[in-house]
Amino acid sequence: MNVNGSAKSLEIEPRVSLLDALRERLGVTGPKKGCDQGACGACTVLADGRRINACLALAIQYDGCQITTIEGVDHPLQEAFVRHDGFQCGYCTPGQICSAIGMLSEYEAGMPSAVTDSGGLGEAEIRERMSGNVCRCGAYNGIVGAIMDVAGSDAR
């Protein structure tokens, strides 16, 4: 697989999760092991540009794919998270940023959510689309503000 722009070759058992392959075999520590059940989003990475929970994905499924973790991200969301205080302890931040990048791509591609209407990418839409990512510190207002800033949305 290709991780953050570098080709990586691994010999692993078929049952190894993508998260464990990244963290334990490749030393890529940005994606975090939060719940290990796909409920918190701390492990979110981009696989060929789509956001996935790495703890639920088998590494072998991503043979030949481009995997992007926070270490490989260069995106305006990173600065926006700082400007809008979109993090506190920082544990969930790598997953939040990767998820937000994927979410913005989904939105731009016209993929609907449970609250999609013609009002654009407003606060309710962002909160719905980011609901799979938990912030234990409660920095949600800053996260939403950062995403709205980057998306150019002024709907509140």
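These lines cover the structure that appears in this document, whether it is placed above or below. (Residues numbered from 1 in each chain as written. Predicted model: local features only at pLDDT ≥ 70, side-chain atom pairs only at ≥ 80, totals over all residues. Heavy atoms only, no water.)

1. Some words on unusual backbone geometry
Phase 1 of the analysis: The phi dihedral of Asn4 is positive, around 55 degrees, even though this residue is not glycine.
Phase 2 of the analysis: Here Asn4 is to be found in the loop between β1 (2–3) and β2 (6–7).
Phase 3 of the analysis: Residue classification places Asn4 among the partly exposed positions, given a relative accessible area of 26%.
Phase 4 of the analysis: Located in the positive-phi region is Asp48, a residue other than glycine, with phi close to 50 degrees.
Phase 5 of the analysis: Counting through the fold element by element, Asp48 comes out in the loop between β3 (44–47) and β4 (50–53). (Helix = DSSP H or I, 4+ residues; strand = E, 2+ residues; numbered from the N terminus. Buried < 20%, exposed > 50% of the residue type's maximum accessible area, 1.4 Å probe, protein only.)

2. Considerations on the environment of Thr116
Phase 1 of the analysis: Within the secondary structure, Thr116 is located in the loop between α3 (93–108) and α4 (123–129).
Phase 2 of the analysis: Given a relative accessible area of 37%, Thr116 falls into the partly exposed group.
Phase 3 of the analysis: With 30 residues separating them along the chain, Thr116 and Ala146 place their C-alpha atoms 20 Å apart.
Phase 4 of the analysis: Contacts of Thr116, omitting those with residues within four sequence positions, involve Glu125 and Arg129.
Phase 5 of the analysis: For Thr116, the side chain forms a polar contact with the main-chain nitrogen of Ser113, separated by 2.5 Å.
Phase 6 of the analysis: Here Glu125 takes part through its side chain, which lies 2.9 Å from a polar atom of the side chain of Thr116. (Contact = heavy atoms within 4.5 Å. Polar contact = N/O pair within 3.5 Å; in protein donor to acceptor, adjacent residues only side chain to side chain.)

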